[in-house]
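# Summary of the model geometry
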Amino acid sequence: MIRTILALSIMAAILVSCQDSKTELSPSGWRMVYKIDREGNPVAGSMDDLISGIRNGYSVRVGWGWERERGDSTLRLEHMAEPIFLSLIQEKDVSVVIDAHPLLDNYIDIDQQQFREGGHIWQTVLTTGGTFNAKVYHRGTGELIRDMPQRQRMTWFVEYPQANNAIIDTPLYE
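Residues numbered from 1 in each chain as written. Predicted model: local features only at pLDDT ≥ 70, side-chain atom pairs only at ≥ 80, totals over all residues. Heavy atoms only, no water.

## Description of the overall build of the protein
Tallying secondary structure elements over the protein gives 2 helices and 12 strands in all. N-terminal to C-terminal, the α/β element order of the protein is α-β-β-β-α-β-β-β-β-β-β-β-β-β. Taking the intrachain contacts of the protein between residues at least 6 apart in sequence as the baseline, contacts between residues at least 24 apart amount to 53%. Accessible area of the protein: about 11,500 Å², with a carbon and sulfur share of 52%. (Helix = DSSP H or I, 4+ residues; strand = E, 2+ residues; numbered from the N terminus. Contact = heavy atoms within 4.5 Å. Areas by Shrake-Rupley, 256 points an atom, 1.4 Å probe, with all protein chains shown as cover.)

Spelled out as structure tokens, the structure:
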């Protein structure tokens with residue numbers, strides 16, 4: 001009887017280890033998984049981790065920012081957003097669309113964090129290639145007012161669920 005239980009336990013362990021999915025042993029919560037410079041070159045993390053998180057349906061955020069000297073002071077600004085639309089391109093790049101929002105009176109002065117009266121709408125597309133295409137639209141008519149293609153450093157985050165969840169590595173088109 002003990003031999004039968006031992007044999008069944010060993011077989012169960014072998015079957016579990018032969019599954020197609022990997023097992024995540026990391027803590028839950030938001031983690032930086034991929035960081036790029038302005039040219040889209042990897043600085044930290046792994047594109048594979050970002051793609052795996054997307055394929056598993058985990059929430060994604062992208063952060064970007066800048067630092068500039070103005071007069072005798074240094075201005076620093078950081079943004080973080082969750083995309084409303086996300087694409088995996090050729091299994092090696094990610095593109096996200098950030099939800100449109102009214103422009104603020106001022107992005108640097110904490111006392112002016114309010115929507116511009118009659119202001120326009122800002123929206124952008126960001127990619128793991130370092131491209132950042134921000135556009136400003138007229139709030140009433142939807143007319144394109146300003147197109148601001150640029151390059152940005154970006155940091156990509158994935159929110160992982162509770163540990164020990166199976167990870168899917170199958171492309172979403174299969």
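Okay, back to it.
## Quick word on the sheet that holds strand β4 (residues 59-70)
Strand order in this open sheet of 5 strands is β3-β2-β11-β4-β5, and the pairing throughout is antiparallel. Only two strands of the sheet have a single partner each, and these edge strands are β3 (42-45) and β5 (73-81). Taking the axes of each pair of neighbouring strands and ignoring which way they run, one obtains an average angle of 25° across the sheet. Both strand β2 (residues 29-36) and strand β11 (residues 154-160) contribute to a ladder of 7 bridges, which runs antiparallel. Within β11, the position partnered with Gly29 by the bridge is Tyr160. (Pairing = 2+ DSSP bridges. Axes fitted to C-alpha atoms, helices over the stretch in contact; angles between N-to-C directions.)

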